[in-house]
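Now for the letters of each chain:
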There are 2 protein chains.
Amino acid sequence: MENIINNIPVTKCEKSKISDVDFNNLAFGSVFSDHMLVCDYKNGAWETPKIVPYQPITLDPSAKIFHYGQSIFEGMKAYKDTNEDVWLFRPMDNCKRLNISAKRLAIPELPEAYFMEGLKALLKLDSNWIPTNSGGSLYIRPFIFASGNGFHASPANAYKFIIATAPSGAYFSGKVKVAIEEKYSRSANGGVGYAKAGGNYAGQFYPTQLAIQKGYNQVIWTDDNTHEYIEEAGAMNIFVRINDTLMTAPTSDRILDGITRKSIIEIAKAEGINVEVKKISVNEVVEAAKNGSLKEMFGSGTAAVVSPIAAFGYKGTDYDLPELENSYASLLKKRITDIQYNRTDDPFGWRVKV
Amino acid sequence: MENIINNIPVTKCEKSKISDVDFNNLAFGSVFSDHMLVCDYKNGAWETPKIVPYQPITLDPSAKIFHYGQSIFEGMKAYKDTNEDVWLFRPMDNCKRLNISAKRLAIPELPEAYFMEGLKALLKLDSNWIPTNSGGSLYIRPFIFASGNGFHASPANAYKFIIATAPSGAYFSGKVKVAIEEKYSRSANGGVGYAKAGGNYAGQFYPTQLAIQKGYNQVIWTDDNTHEYIEEAGAMNIFVRINDTLMTAPTSDRILDGITRKSIIEIAKAEGINVEVKKISVNEVVEAAKNGSLKEMFGSGTAAVVSPIAAFGYKGTDYDLPELENSYASLLKKRITDIQYNRTDDPFGWRVKV
Ligand SMILES: Cc1ncc(COP(=O)(O)O)c(C=O)c1O
Ligand SMILES: Cc1ncc(COP(=O)(O)O)c(C=O)c1O
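Predicted model, so just to flag it, every value in this text is computed and none were measured.

Participant: In this structure, what is going on with the nonpolar core? I would like to understand it.
Facilitator: The nonpolar side chains of a soluble globular protein tend to be buried with one another. Counting 62 residues, the largest nonpolar core has A:F66 and B:F66 as its most contacted members. Excluding its chain neighbours within four sequence positions, the residues that come into contact with A:F66 are A:L59, A:D60, A:P61, B:I57, B:L59, B:I65, B:S71, B:F143 and B:F145.

Participant: In this structure, what is going on with the site of ligand 1? I would like to understand it.
Facilitator: Residue and element names in this part refer to chain A. Taken together, 17 residues form the shell around ligand 1, and within it Y201, E232, I259, T260 and T302 come nearest. One of the side-chain nitrogen or oxygen atoms of E232 is found 2.5 Å away from a nitrogen atom of ligand 1. Contact with the protein chains hides 97% of the accessible area of ligand 1, taken as 380 Å² for the molecule alone. Elements that contribute at least two residues to the shell around ligand 1 include exactly β14 (229-233), α5 (259-270) and β19 (294-301).

Participant: What's the story with the site of ligand 2 in this structure? I'm lost.
Facilitator: All names here are of chain B. Around ligand 2 sit 17 residues, and of these Y201, E232, I259, T260 and T302 come closest. At 2.4 Å from an oxygen atom of ligand 2 is found a side-chain nitrogen or oxygen belonging to Y201. The contact in question runs from a nitrogen atom of ligand 2 to an N or O atom on the side chain of E232, over 2.5 Å. In the complex, 97% of the free accessible area of ligand 2, which totals 380 Å², lies under the protein chains. Elements with a contribution of two residues or more to the shell around ligand 2: β14 (229-233), α5 (259-270) and β19 (294-301). Its residues assigned to classes, the shell around ligand 2 comprises six nonpolar, seven polar and four charged.

Participant: What am I meant to see in the relation of the copies chain B and chain A here?
Facilitator: What relates the pair of chain copies is a rotation about an axis plus a shift along that axis. Taken as rigid bodies, chain B and chain A are interconverted by a rotation of 180 degrees and an axial shift of 0.0 Å, the fit giving an RMSD of 0.0 Å. Both copies of the chain, as the preceding transformation shows, are related through a two-fold rotation axis. Comparing contact sets, 100% of the residues at the interface of chain B also lie at the interface in chain A, consistent with an isologous, same-surface contact.

Participant: What's the story with unusual backbone geometry in this structure? I'm lost.
Facilitator: Most peptide bonds take the trans form, and the phi angle of most residues other than glycine is negative. Even without being glycine, A:N6 reaches a positive phi, approximately 50 degrees. In this fold, A:N6 is placed in the loop between β1 (2-5) and β2 (8-11).

Participant: Sorry, what's going on with the interface of chain B and chain A here?
Facilitator: Note on interface size: it is often stated as the accessible area lost on association of the parts. With 58 residues of chain B at the interface, the matching set in chain A holds 58 residues. Roughly 5100 Å² is buried in total at the junction of chain B and chain A, and carbon and sulfur atoms are behind 63% of that figure. Per-residue buried area on chain B facing chain A is highest for B:F66, B:F151 and B:F205; these three make up 15% of the total on that side. Counting the contacts that link chain B with chain A gives zero salt bridges. Our count for the chain B to chain A interface comes out at 24 residue pairs in polar contact (both at pLDDT 80 or more). Put simply, the parts of the chain that give the side of chain B that touches chain A at least two residues each are β6 (57-59), α1 (64-68), β7 (71-73), α2 (91-104), β10 (137-146), β11 (159-168) and α4 (198-213) of chain B. Ranked by residues supplied to the side of chain B that touches chain A, first place goes to α4(B) with nine residues. Tallied by class, the residues present in the side of chain B that touches chain A amount to 31 nonpolar, 21 polar and six charged. The sheet contact formed by strand β6 (residues 57-59) of chain A and β6(B) spans three bridges and is antiparallel. The residue of β6(B) that forms the bridge with A:T58 is B:T58.

Participant: Can you help me understand the side chain of A:T222 in this one?
Facilitator: Residue and element names in this part refer to chain A. Structurally, T222 can be placed in strand β13 (residues 218-222). At a separation of 2.8 Å, a polar atom in the side chain of T222 contacts the main-chain carbonyl oxygen of E181. Of the polar contacts made by the side chain of T222, one reaches the side chain of H227; its length is 2.9 Å. Not counting residues within four places of it along the chain, the set of residues in contact with T222 comprises I180, E181, H227, Y229, I230, E231 and V282.

Participant: When you look at the environment of B:G193 in this model, what are you seeing that I'm missing?
Facilitator: Residues and elements named next belong to chain B. In this structure, G193 sits in the loop between β12 (176-180) and α4. Through-space distance from the C-alpha of G193 to that of D257 is 9.9 Å; in sequence the pair is 64 residues apart. Apart from the residues within four sequence positions on either side, G193 is in contact with R186, S187, N200, D253, R254, I255 and L256.

Procedures and definitions
- Residues numbered from 1 in each chain as written.
- Chains lettered and ligands numbered in written order.
- Predicted model: local features only at pLDDT ≥ 70, side-chain atom pairs only at ≥ 80, totals over all residues.
- Heavy atoms only, no water.
- Core = buried A, V, L, I, M, F, W, Y, C linked by side-chain atoms within 4.5 Å.
- Buried < 20%, exposed > 50% of the residue type's maximum accessible area, 1.4 Å probe, protein only.
- Contact = heavy atoms within 4.5 Å.
- Near = heavy atom within 4 Å.
- Polar contact = N/O pair within 3.5 Å; in protein donor to acceptor, adjacent residues only side chain to side chain.
- Areas by Shrake-Rupley, 256 points an atom, 1.4 Å probe, with all protein chains shown as cover.
- Helix = DSSP H or I, 4+ residues; strand = E, 2+ residues; numbered from the N terminus.
- Nonpolar A, V, L, I, M, F, W, Y, C, P; charged D, E, K, R; others polar.
- Least-squares fit on C-alpha atoms with pLDDT ≥ 70 in both.
- Buried area = accessible area lost by both parts, 1.4 Å probe.
- Salt bridge = Lys/Arg side-chain N within 4 Å of Asp/Glu carboxyl O.
- Pairing = 2+ DSSP bridges.

Set out below in structure tokens:
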């Protein structure tokens, strides 16, 4: 079956897999919807994207993705409101960030219309895959990787841009206990930390495993030079509340410019919360934990939304955070998800209808 | 056709592609021999490796290699002597380094016998692919990547180890002009720079492109914190000769422990050359270039062997290196390739017969 949605040619799958899916027991990103968007870069240009059934990819063993980690991705969600309308949250920011990552990884930038129109067409086609239960959403994974061949360590001459989607439940279940990293690092000054480059994630797995073995869920990365400043977590930016001031580290070439982070900053300011974007030293946080002025820490990210941190470990000591009645985390989470799921109006103009 | 070599089951290709190859005009790593070794990691264990025809790989779009850069590789060469005997150079060091990389990238370590016996079996089968013309060799690319599925940012549950080979000519043609990097970086303290992780290479492409646009061939990386110390190049360690002292930076968690580098150090010492392994500041090299005591710079690596540097650029100035009659580079290159191609005896015990 061939047709066209938003100018994108569509080949539909023969039989939907949706009846096999238990929407009440979704893990994160492990079940995939019926279709995907595919767009190839060849002979110096991105070709017209197309929608095809979700299907395997075949590559030569010399494809550069296998050897040189030339890949980037984005993470977004589609939300369904009670009228079955479908919404995206600041999608152009993901599109622009994908191209920021592309530039740093020497990947040709993608035309924005291919991203936006392709994504909307895909969501229209697979809209019944968007969960409607509380906290559920369709996780969207746009990614680009080097499909061109050859062992020479240089940029590929061919790439694939794909958008795949996965109906998903919560990323973290329960409270998060983090370890502040004292030895390993996520990124270098002048490196690729600000890009959503595949290699940034693989490098975090081993230190994270070590932290998990010690009873933590996640690592909070510190600067690679002194390990004295808090940067971000594996897939979340980090906020710290000392007394009534909410703080987060400035973005840099080492830290991802999270869309949730910048939205939380704006919402918090609109709520009258005192927000400071500044370097946060580990010592300052430890001192605040000791003297009782450390009220909250939480992570922010598309997958994790707003994730309260229950405790952090540093230099062999665990510091518990208090359980607050009216936490900033729960207020800000409510505000941002209300906008995302179209439960309130959207004073910032962030919601985009599909 | 099924048979067994070195305990490895072999499925031979139906028709060899070798007659299509022009062995006198080989680029680097762009033509692949008839067979490859494949070994899968599943259900918590590496399965028995097998040799199959060189063929495409099929993966789910959610395979973690596409998203999180979980991949590592090695680079080695097979050399044929005038008796048609086939030799490897310190292959156990590649095997051990692959497992060092594996550990840092949270990839399960590979049994050494699978690597060594698999490689030897593959070379026996495809030995007619090893070039015999001057400077030619069979470039060997062992690599492991995450083939397991899912968008969760955590280590995969399945991996593929592959060895593919490519008859190759020289990596660099002609003299190399390098730019000493002042802004971008290759690796962080506490990062993955010492591992041959795919992501380390993609991160170098953009800064290298910028250098190429300015007329250089390669970047020499400096430390990410101060950019004051010379570390290594994209796929080579770096040696600097000031007067009659040969210097190279110590390896660290940012710098690859190159097998060519450590062999060159030993050979140079055996030749009575004064070798210093120490931090090399850019200033020291610039000063030496200005006062005439900088005699040579060269890169060392499996692909590039010993590559003399003709000039380096730093802060907008290019510094030419003198053309020497009896350079350390040419002496050391002759010594190491004589061992590799079995043209002399091997006092260090580095050569391994296939
Ligand atoms: C390293 C890193 N930091 C922060 C975030 C949060 O960014 P965003 O809010 O745009 O999802 C992510 C991922 O999404 C990430 O991968
Ligand atoms: C980053 C880097 N440095 C140095 C080298 C040289 O190492 P070896 O001499 O083991 O080939 C390589 C690659 O081979 C490399 O990738």
